[in-house]
Amino acid sequence: DWNKGSRKGQHEIGLIAQEVEEVFPFLVREKVKSTGDFQNDNTAYKSVDYEKLVGVLIESVKELSAKVKTLEAKIQ
């Protein structure tokens, strides 16, 4: 949930950039916002480059699917 600016109180769906950064630091950008919703606020904000995350997610699904197939074969 946004806690300041023109979006205050609005809900947002996404990932926590600091958590993504621990695993994939190259997918996180840090910017200093000084205009728009954060006027007069020179704090650095982190954001996730979601476009680059798609490939990682696709490969993860492929790996999990292969593991599921292996486990299903063992059950049968």
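This is a predicted model, so every value here is computed, not measured.

### Some points on the overall build of the chain
Along the chain, the regular secondary structure elements total two helices and two strands. Starting at the N terminus and walking to the C terminus, you meet the elements of the chain as α-β-β-α. Expressed as a percentage of the 76 residues in the chain, the buried residues total 12%. Here the analysis covers contacts within the chain between residues at least 6 apart in sequence; of these, 35% occur between residues at least 24 apart.

### Structural notes on the pattern of salt bridges
Counted according to the given criterion, the structure contains four salt bridges. Residue K62 is joined to E59 by a salt bridge in which the shortest nitrogen-to-oxygen separation is 3.2 Å. You can see K62 and its partner E59 sitting in helix α2 (residues 50-75), three residues apart, about one turn around the helix. For E59, a relative accessible area of 41% corresponds to the partly exposed category.

### A few points about the side chain of D49
Along the polypeptide, D49 turns up in the loop between β2 (44-48) and α2. Since its relative accessible area comes to 19%, D49 is described here as buried. When sequence neighbours within four positions are dropped, the list of residues in contact with D49 reads L27 and R29.

What counts, and where the lines are drawn
Residues numbered from 1 in each chain as written. Predicted model: local features only at pLDDT ≥ 70, side-chain atom pairs only at ≥ 80, totals over all residues. Heavy atoms only, no water. Helix = DSSP H or I, 4+ residues; strand = E, 2+ residues; numbered from the N terminus. Buried < 20%, exposed > 50% of the residue type's maximum accessible area, 1.4 Å probe, protein only. Contact = heavy atoms within 4.5 Å. Salt bridge = Lys/Arg side-chain N within 4 Å of Asp/Glu carboxyl O.

These figures capture arrangement, not role.
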